[in-house]
Amino acid sequence: MTGVSHLSAVLGGRTVLHDVSLTVVPGELVALCGPNGAGKSTLLRALAGLLPDTGPPDPRHIAWLPQGARSAWGLTVEQVAALGRIPHRDNATAPVTKALRVCGIEALRTARVDRISGGEARRAMLARVFASEPEVLLLDEPTADLDPAASHAIMRLLRTTADAGRTVVVVLHALDLALRYARRVVVLADGRVTADLPADQALPAAAAAFGLPFGADPTPRLLPPC
Amino acid sequence: MIRWLALLLAVLAAVSLFIGDATLALPDRLILWQLRLPRTLLGLLVGSGLGLSGAVLQGALRNPLADPGLLGITGTAGLGAVIAFYWGLAAAFPPALAAGGLLGAGVGAAFLLSFAGGAPSGPSLILAGVAVSAIAAALLALALTLAPNPFALAEITFWLMGGLADRPLWQVVLAAPTILLGVAILLSLGRGLDALSLGEDTARSLGVPVTRTLRLAAVGTAFAVGTGAAVAGSIGFIGLVVPHLLRPWFGERPGALLPAAPLAGAALLLAADMLVRLAPLVLPLSAAPPVGVLTALLGAPFLVAIARRGEP
């Protein structure tokens, strides 16, 4: 079980999270949604134990993928994925190969991450998370830079991962992906949890957090047709 | 690959024992023991310290322009040695020179870490390094202004240019343990540097003690280049150039460069020193120039080439 209780966080003089409590259990795929600056990434960092007042978790069990992760050097895709073995202090190749396969970038294993597309590099970073075989996966925008097909493939992978008994918390801007694949949607706005609902009931609250119109229209949509 | 590098280094070291001002033959025992051997050993030690600390600092700071000079540690080591010169300590008690250099490097590292704050990060270390360099340069200029006599001034200036010539064997032996200790510290940081490729937060999430890794990189550098700079003066650009030379062969993973970097640094410095020794034979020079002059002359265009190629 992973979570934070009554967490407040101040970054650069601005209170980013106000008294937030969130508990996630194994088998859950939880989507964190909300507008820019709502505190989603900070909450994820808190779960990863990266805020000063949160305890350091066991890195073998928790893996965190930051937003916009990039490598300072031209490591190969395989070398990036192998960094996931650092918490285990081994050089096991089987988890790395498996991670590259499930993320769909096996063919790029010897390519440099700074010489492939943004979406491919994103999947290499995701493969690093899978290579460490964590119990809890904390992913900040894993589908950013990915084309729709790859986004759905990654979301299906996360769904399977959660169904296998792992805990997956994912920050998503793409509400359609969140509502389709997550079982539970947590909506943040201005550093507060404004809704914590099963995915099939979350659309009104999520739309409200984004300030989008959502009314009596029988087919849920986020924007009125042009 | 690393075997070829080791072989190259062994050949260079062997040739270095036989290249002199005039002859390319087996020297007599006195020259071998008094001149060539200390010179070769010093090149091996100083070069390996410079090459390795360059590779570690570039990895730790995620900056392809980082080198030991950037952190100001070479500067404070030089300052420590100059103070030992200046007060006549080096003349009265010869080991004071190396001790002064190590002390200077240690004080420099302490300042660096205190400037960088309780939890140093890459950018804060670089800024602190610039500050330490500036202080060291200012105090060095002050020491030169106050130099007791013109001879001391000339001696200090010549020493600061960096060189391997005419250093007695005991100075080399004195510098060796601290350089080797620094090399050992730096070689242990590979995994942490690999993780730092993805940034300090990701490294932390992988369980890497980032603050400790950065501190050890600074302290290891102080050991690896401090006494070396005291004995051989300031030799620039080896630490900057070595990682860039190795990346096409060993890949860009910082940890993969560490075992090769000391070998490459030593090979590069020995090669530069041999070129310097041969210079009077082909150029109208009355004496061999200090090796620091050559490494700077060759290193500066290399720096420009790196900048031209840009970020990969």
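Structural data are supplied above this passage.
Note that residues are indexed from 1 along each chain, following the sequence as it is written. Each chain takes a letter, starting from A, and each ligand takes a number, starting from 1, following the order in which they are written. Where totals are concerned, whole chains, interfaces and linings use all residues; where local detail is concerned, this predicted model gives features only for residues with pLDDT of at least 70, and gives and counts side-chain atom pairs only at 80 or more. Excluding hydrogens and water, the side-chain values take into account all heavy atoms of the structure.

### Re the overall build of chain A
Now for step 1: Under the DSSP-based scheme used, a helix requires at least four consecutive residues in state H or I and a strand at least two consecutive residues in state E, with every element numbered from the N terminus. Each helix and strand in chain A was counted, giving 7 helices and 8 strands.
Now for step 2: Buried residues are those whose accessible area, probed at 1.4 Å on protein chains only, stays under 20% of the maximum for their type, while exposed residues exceed 50% and partly exposed ones sit between those limits. A total of 226 residues make up chain A; the buried ones form 50% of that total.
Now for step 3: Considering only contacts in chain A between residues 6 or more positions apart, those separated by 24 or more positions represent 62%.
Now for step 4: Each accessible area is a Shrake-Rupley estimate made with a 1.4 Å probe; only the visible protein chains count as cover when residues are assessed. Total accessible area computed for chain A in this model is approximately 10,100 Å², and 53% of it derives from carbon and sulfur atoms. It only takes one pair of heavy atoms within 4.5 Å for two residues to be counted as in contact.

### A closer look at unusual backbone geometry
Now for step 1: Not every positive phi belongs to a glycine, and aspartate 19 of chain A is a case in point at roughly 50°.
Now for step 2: Relative to the elements of secondary structure, aspartate 19 of chain A occurs in strand E2 (residues 14-24).

### Observations concerning the nonpolar core
Within soluble globular proteins, side chains that are nonpolar tend to cluster in buried spots.
Now for step 1: With 118 residues, the main nonpolar core has Leu139 and Leu158 of chain A together with Ile235 and Leu246 of chain B as its most contacted residues.
Now for step 2: When residues no more than four places from it in sequence are discounted, the contact partners of isoleucine 235 of chain B are Val46, Leu50, Gly162, Gly163, Leu164, Leu269, Val291 and Thr295 of chain B.
Now for step 3: Within this scheme, the nonpolar core is defined by two criteria: the residues are buried Ala, Val, Leu, Ile, Met, Phe, Trp, Tyr or Cys, and they are joined through side-chain atoms within 4.5 Å. Ranked by size, the runner-up nonpolar core spans 25 residues in total, among them Leu22, Ala38, Leu44 and Val171 of chain A.

### Things to note about the pattern of salt bridges
Residues and elements named next belong to chain A.
Now for step 1: We count a salt bridge whenever a side-chain nitrogen from Lys or Arg sits within 4 Å of a carboxyl oxygen from Asp or Glu. The final tally for this structure, using the stated rule, is 15 salt bridges over all chains.
Now for step 2: Between arginine 85 and glutamate 133 there is a salt bridge, and its shortest N-O distance comes to 3.5 Å. Taken together, the residues arginine 85 in the loop between helix H2 (77-82) and helix H3 (94-102) and glutamate 133 in the loop between helix H4 (118-131) and strand E5 (136-140) connect sequence positions 48 residues apart.
Now for step 3: The class of arginine 85 is buried, set by a relative accessible area of 5%.
Now for step 4: Linked by salt bridges that have partners in common, Glu28, Arg184 and Asp196 make up one network.

### Focus on the pairing of strand E8 (residues 192-198) of chain A
Residue and element names in this part refer to chain A.
Now for step 1: In terms of strand pairing, strand E7 (residues 184-189) meets E8 through 6 bridges, oriented antiparallel. From the neighbouring strand, valine 185 faces E8, where its bridge partner is leucine 197.
Now for step 2: Following DSSP output, two strands are said to pair if at least two bridges run between them. Between E7 and E8, which follow one another and run antiparallel, lie 2 residues, and aspartate 190 among them has a positive phi close to 50°.

### Looking at the sheet that holds E7 of chain A
Residues and elements named next belong to chain A.
Now for step 1: Pairing is mixed in the open sheet, where 6 strands are placed in the order E4-E5-E6-E3-E7-E8. Each edge of the sheet is formed by a strand with only one pairing partner; in this case those strands are strand E4 (62-65) and E8. Here the average twist between neighbouring strands, direction ignored, is 15°.
Now for step 2: As judged from the 4 bridges shared by strand E3 (residues 29-33) and strand E6 (residues 167-171), these two strands associate in the parallel manner. For alanine 31, the partnering residue across the bridge sits in E6 and is valine 170.
Now for step 3: Lying over the sheet, helix H5 (residues 148-163) contacts E3, E5 and E6, oriented at roughly 150° with respect to E6. Where helices are involved, their axes are fitted lines through C-alpha atoms of the stretch in contact, as for all axes, and angles between N-to-C directions lie from 0 to 180°.

### Topic: the interface of chain A and chain B
Now for step 1: Each partner contributes residues to the interface: chain A has 26 residues there, and chain B has 22 residues.
Now for step 2: The term buried area denotes the loss of accessible surface (1.4 Å probe radius) that occurs when two parts are joined, taken as the sum for both partners. Carbon and sulfur atoms supply 61% of the area buried between chain A and chain B, which totals about 2,000 Å² over both sides.
Now for step 3: It is Trp73, Leu83 and Ile86 of chain A in chain A that bury the most area against chain B; as a group they hold 35% of the surface buried on that side.
Now for step 4: There are 2 salt bridges connecting chain A and chain B.
Now for step 5: Arginine 45 of chain A is the partner of aspartate 201 of chain B in a salt bridge, and the nearest nitrogen-oxygen pair spans 2.6 Å.
Now for step 6: We define a polar contact as two N or O atoms separated by no more than 3.5 Å, with the added condition that, inside protein, one atom must be a possible hydrogen donor and the other a possible acceptor, whereas residues neighbouring each other in sequence contribute only through side-chain atom pairs. At the boundary of chain A with chain B, the tally comes to 6 residue pairs in polar contact (both at pLDDT 80 or more).
Now for step 7: At the level of elements, E4 and H4 of chain A are the ones that each hand at least two residues to the side of chain A that touches chain B.

### A closer look at the pairing of E7 of chain A
Now for step 1: Most of E7 of chain A is tucked away, with 6 of its 6 residues classed as buried.
Now for step 2: Covered by surrounding structure in E7 of chain A are Arg184, Val186 and Leu188 of chain A together with Val185, Val187 and Ala189 of chain A, the residues of both alternating faces.

### Let's talk about the packing of helix H3 (residues 73-86) of chain B against helix H7 (residues 150-160) of chain B
Residues and elements named next belong to chain B.
Now for step 1: One way to put it is that H3 packs onto H7 with a least axis distance of 11 Å and a crossing angle of 155°. The pairing of H3 with H7 is recorded here as roughly antiparallel in orientation. Crossing hand, H3 versus H7: right-handed. Within the contact between the two elements, H3 uses Gly78, Ala81, Val82 and Phe85 and H7 uses Glu155, Ile156, Trp159 and Leu160.
Now for step 2: Residue polarity is assigned by list, with Asp, Glu, Lys and Arg as charged and Ala, Val, Leu, Ile, Met, Phe, Trp, Tyr, Cys and Pro as nonpolar; anything else, Gly included, falls into the polar class. Tallied by class, residues from the contact of H3 with H7 come to 6 nonpolar, 1 polar and 1 charged. Each angle is binned into one of four classes, with values under 35 degrees roughly parallel, values over 145 roughly antiparallel, values of 65 to 115 roughly perpendicular, and all other values oblique. When the near helix sits turned anticlockwise from the far one by under a right angle, the crossing is termed left-handed; a clockwise turn instead gives a right-handed crossing.

### A short note on the environment of alanine 153 of chain A
Now for step 1: Relative to the helices and strands, alanine 153 of chain A is located in helix H5.
Now for step 2: By relative accessible area, alanine 153 of chain A is classed as partly exposed at 34%.

### Description of the packing of H3 of chain B against helix H6 (residues 122-145) of chain B
Residue and element names in this part refer to chain B.
Now for step 1: In the contact formed by H3 and H6, the axes pass within 9 Å of each other and the chain directions differ by 20°. Considering their axes alone, H3 and H6 lie roughly parallel with respect to each other. Like other packed secondary-structure pairs, H3 and H6 cross with a definite hand, here left-handed. Each of Gly75, Thr76, Gly78, Leu79, Val82 and Tyr86 in H3 lies in contact with H6, whose residues at this interface are Val132, Ala136, Leu139, Leu140 and Ala143.
Now for step 2: Of the residues that constitute the contact of H3 with H6, the class distribution is 8 nonpolar, 3 polar and no charged.

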